[in-house]
Amino acid sequence: MRKTALALLTAAVLVAGCGGGKTAPDASGAKVFASAGCGGCHTLSAAKSKGQTGPDLDQLRPNYGAVVRQVSTGGAGMPSFSGKLNKGQIRDVANYVVDSTKNNSVALTAFQPNHEKLSDCHSDYDCYKQAFGNIAYYDGPETALARLATYMKTNEEVNTGCHQIAHSIGHAGYAHFHDSAALALAHGSMTCWSGYYHGVVERAFAGVPRSKVASLARKMCTGSEINKTYFLLYQCVHGLGHGLMIYSLNDLPYSLKVCNQLATAWDRTSCTGGVFMQNFLPGPMQIAPTKWLSKKDLLYPCDKVAAGDKLYCYLMVTSRVLPVVHYDFRKAAAWCRKAERSWVATCFQSFGRDASGYSVQNPRKIVQLCKLAGSMERECIYGGSRDLTSNDAGPARAIRMCLLAPAATRSYCFYGIGTIVGGFANGSGARRAKCSPVPSAYRRDCYRGAAV
Ligand code: HEC
């Protein structure tokens, strides 16, 4: 058996070797793809096909051998084509599929502006994506993101789809700045879980071969625009982590490896946060299935990754747990208590971050949800205050939350605000000033967080 498989494999490789480009295989491959009806079952943008029965070939990016094998033998719902297509045609269609998808990442095509306006969109999500993108493309991303934040308050469609809309603004913002990732990142905001930054980084990686990704990644978040504040730098390296997963279609070890080649320890861990967050996104927000989840062990892979990657894994892990337990925060708290002992507190910080996200940054609700954390309530409050502050790019709502929180958790809560606002400015005096909205009784906690 082994031998046959090996022989077949060798044959496939040989076929690959001689299936050269001399006879313009792409053109004839495209014909085969159309005439054999592949598009009826598969999505392939090069062929403008939108079939849904089989896997999306744009996302799958199969290699040559896999296409030849699948088309020749069929299986699992796909018919064999060996009786209908000759070897040359199979070779051509395989070359065509490989050539038209090998450089794909989700955002391979640049944002295409048109003249659709927000007022043209009537609860049509694709229309909103386009219209917000248009604003970013013509007027700059800051304008688009500000409009997005306003719309999110009153328009349910926009609010639910805000992350993907912000992605679209990122793609358009990247085009607005003539493909400068650093400039695009410097003029963004975190509106709706940093969707904008993710969109920018996605574009910056589109079509880059794997061999060049690590060096591009190392250079990406450098330069004076990005290094103005820790906050911007964080957005950049965190977005980079998301981008690596998107680029590699959820190859977690690969993405972590690239993160771990960044310049400083801070860059490296912030980048891994983006990787894990991307891994934990709910299914519909994923661009490909991820192998790095377990149905039985909702803390996986945090309990298995290398020690150096654990911090940000646990800081994100409740984003994995909550959708599975249908947002029953009580059950999520039980999972956190099952974490490795030294990471229980971190898991509850994640819990607080998600309490903030789930309540759409509602201070009172965050405080309520954090009660479920029991002895870990303060970690939850801390995670909540940090999320509120960074989501708002300011401390106003987080201050309200800290004042609603139990007295015993308050100074830690204000410390959390400091850890974020400190990143909004550079230089000790400027960082100190960022704490001035904090009530005087707790200003010292904020200073400590901001390292002043
Ligand atoms: C009747 C629907 C149908 C048609 C027609 C069809 N496919 Fe498929 N195809 C499928 C399904 C379903 C799968 C998933 C099989 C699985 O899960 O293993 C698949 C899988 C594949 C794969 C993935 C193989 C892998 O390694 O995972 C490739 C590549 C592929 N098809 C290419 C083609 C090409 C090229 C054609 C045209 C010659 C074609 N398909 C026609 C339904 C179809």
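Rules used in this analysis
Residues numbered from 1 in each chain as written. Predicted model: local features only at pLDDT ≥ 70, side-chain atom pairs only at ≥ 80, totals over all residues. Heavy atoms only, no water. Salt bridge = Lys/Arg side-chain N within 4 Å of Asp/Glu carboxyl O. Buried < 20%, exposed > 50% of the residue type's maximum accessible area, 1.4 Å probe, protein only. Donors = N, O, S within 2.8 Å, 3.2 Å for Na, K, Ca; no water. Tetrahedral: all angles 85-135°; square planar, octahedral: opposite > 155°, others 65-115°. Helix = DSSP H or I, 4+ residues; strand = E, 2+ residues; numbered from the N terminus. Expected span 1.5 Å × (residues − 1). Contact = heavy atoms within 4.5 Å. Core = buried A, V, L, I, M, F, W, Y, C linked by side-chain atoms within 4.5 Å. Domains from an automatic or database assignment. Axes fitted to C-alpha atoms, helices over the stretch in contact; angles between N-to-C directions. Left-handed = near helix turned anticlockwise from the far one by under 90°. Nonpolar A, V, L, I, M, F, W, Y, C, P; charged D, E, K, R; others polar. Disulfide = S-S within 2.5 Å. Near = heavy atom within 4 Å.

1. Details of the pattern of salt bridges
Okay, so step 1: Applying the stated rule across the entire model yields five salt bridges.
Okay, so step 2: The partner of Arg378 in a salt bridge is Glu379, with the nearest N and O atoms 3.8 Å apart.
Okay, so step 3: On the basis of relative accessibility, which here comes to 37%, the residue Arg378 falls in the partly exposed class.
Okay, so step 4: Among the ionic pairs, Arg397 bridges to Asp392, the shortest N-O distance being 2.6 Å.
Okay, so step 5: Judged by relative accessible area, which is 24%, Arg397 ranks as partly exposed.

2. Quick notes on the coordination of the iron atom of the ligand
Okay, so step 1: Summarising the metal site, the iron atom of the ligand is bound by the protein donors His42 (NE2) and Met78 (SD), whose distances to it range over 2.0 Å.
Okay, so step 2: One can describe the site at the iron atom of the ligand as octahedral: its six donor atoms subtend angles covering 88 to 178 degrees at the metal. Of the two residues, His42 sits in the loop between helix H2 (25-35) and strand S1 (43-44) while Met78 sits in the loop between helix H4 (64-73) and helix H5 (87-101), which places them 36 residues apart along the sequence.

3. Details of helix H15 (residues 265-280)
Since one α-helical turn is 3.6 residues long, residues separated by three or four positions face the same way.
Okay, so step 1: Between its first and last C-alpha, H15 extends 23 Å over 16 residues, near the 22 Å set by a 1.5 Å rise per residue.
Okay, so step 2: Counting buried positions over the 16 residues of H15 gives 12, a clear majority of the element.
Okay, so step 3: Within H15, the full set of buried residues consists of Asp267, Ser270, Cys271, Thr272, Gly273, Gly274, Val275, Phe276, Met277, Gln278, Asn279 and Phe280.
Okay, so step 4: In the core, the buried residues of H15 are packed alongside helix H13 (230-247), helix H14 (252-259), helix H16 (307-316), helix H17 (318-324) and helix H19 (344-358).

4. With respect to unusual backbone geometry
Okay, so step 1: Backbone torsion omega between Tyr300 and Pro301 reads 5 degrees, so that peptide bond is classified as cis.
Okay, so step 2: Within the secondary structure, Pro301 is located in the loop between H15 and H16.
Okay, so step 3: The phi dihedral of Tyr327 falls on the positive side, at around 60 degrees, and the residue is not glycine.
Okay, so step 4: By the element assignment, Tyr327 lies in the loop between H17 and helix H18 (329-337).
Okay, so step 5: One non-glycine residue, Val360, adopts positive backbone phi at about 50 degrees.
Okay, so step 6: Within the element layout of this structure, Val360 appears in the loop between H19 and helix H20 (363-371).
Okay, so step 7: What makes Val360 partly exposed here is its relative accessible area of 48%.

5. Things to note about the nonpolar core
Okay, so step 1: Within the largest apolar cluster, 110 residues are counted, with the highest numbers of intra-cluster contacts made by Phe132, Leu148, Ile169, Phe205, Met220 and Leu240.
Okay, so step 2: Ranked by residue count, the leading element in this core is H13, at nine residues.
Okay, so step 3: Summarising the domain contributions, this core has at least three residues from each of domain 2 (118-206) and domain 3 (293-449).
Okay, so step 4: Not counting residues up to four positions away in its chain, the partners in contact with Phe205 are Val213, Leu216, Ala217, Met220, Leu240, Gly243, Leu244 and Tyr247.

6. Topic: the domain arrangement of the chain
Interface size is commonly expressed as the accessible surface area that is lost when the partners come together.
Okay, so step 1: What the domain assignment reports for the chain is domain 1 (2-99), domain 2 (118-206) and domain 3 (293-449).
Okay, so step 2: Just the C-alpha atoms count here: the centres of domain 1 and domain 3 sit 49 Å apart.

7. A short note on the packing of helix H21 (residues 377-392) against helix H23 (residues 407-421)
Okay, so step 1: The contact between H21 and H23 brings their axes to 8 Å, and the two run at 35 degrees. Crossing of H21 against H23: the hand is right-handed. Contact residues: Glu377, Arg378, Glu379, Ile381, Tyr382, Ser385, Arg386, Thr389 and Ser390 in H21; Thr409, Tyr412, Cys413, Tyr415, Gly416, Ile417, Thr419, Ile420 and Val421 in H23.
Okay, so step 2: Within the contact of H21 with H23, the residues separate by chemical class into eight nonpolar, six polar and four charged.

8. A word on the state of the cysteines
Okay, so step 1: Tallying each qualifying case throughout the model produces eight disulfides.
Okay, so step 2: There is a disulfide in this structure between Cys259 and Cys271, and the S-S distance comes to 2.0 Å. The S-S bond linking Cys259 to Cys271 shows a torsion near -70 degrees; that makes this disulfide left-handed. Pair noted here: Cys259 is in helix H14 and Cys271 is in helix H15, with a separation of 12 residues, a long-range link.
Okay, so step 3: On the basis of relative accessibility, which here comes to 0%, the residue Cys259 falls in the buried class.
Okay, so step 4: Note on Cys271: relative accessible area 0%, which makes it buried.

9. So, the site of the ligand
Okay, so step 1: The local shell around the ligand holds 20 residues, among which Cys38, Cys41, His42, Gln70 and Met78 are the closest.
Okay, so step 2: Of all elements in the fold, only helix H3 (57-60) and H4 reach the threshold of two or more residues within the shell around the ligand.
Okay, so step 3: Here the shell around the ligand takes four residues from H4, the largest share from any one element.
Okay, so step 4: In the shell around the ligand, the residues fall into 13 nonpolar, seven polar and no charged.

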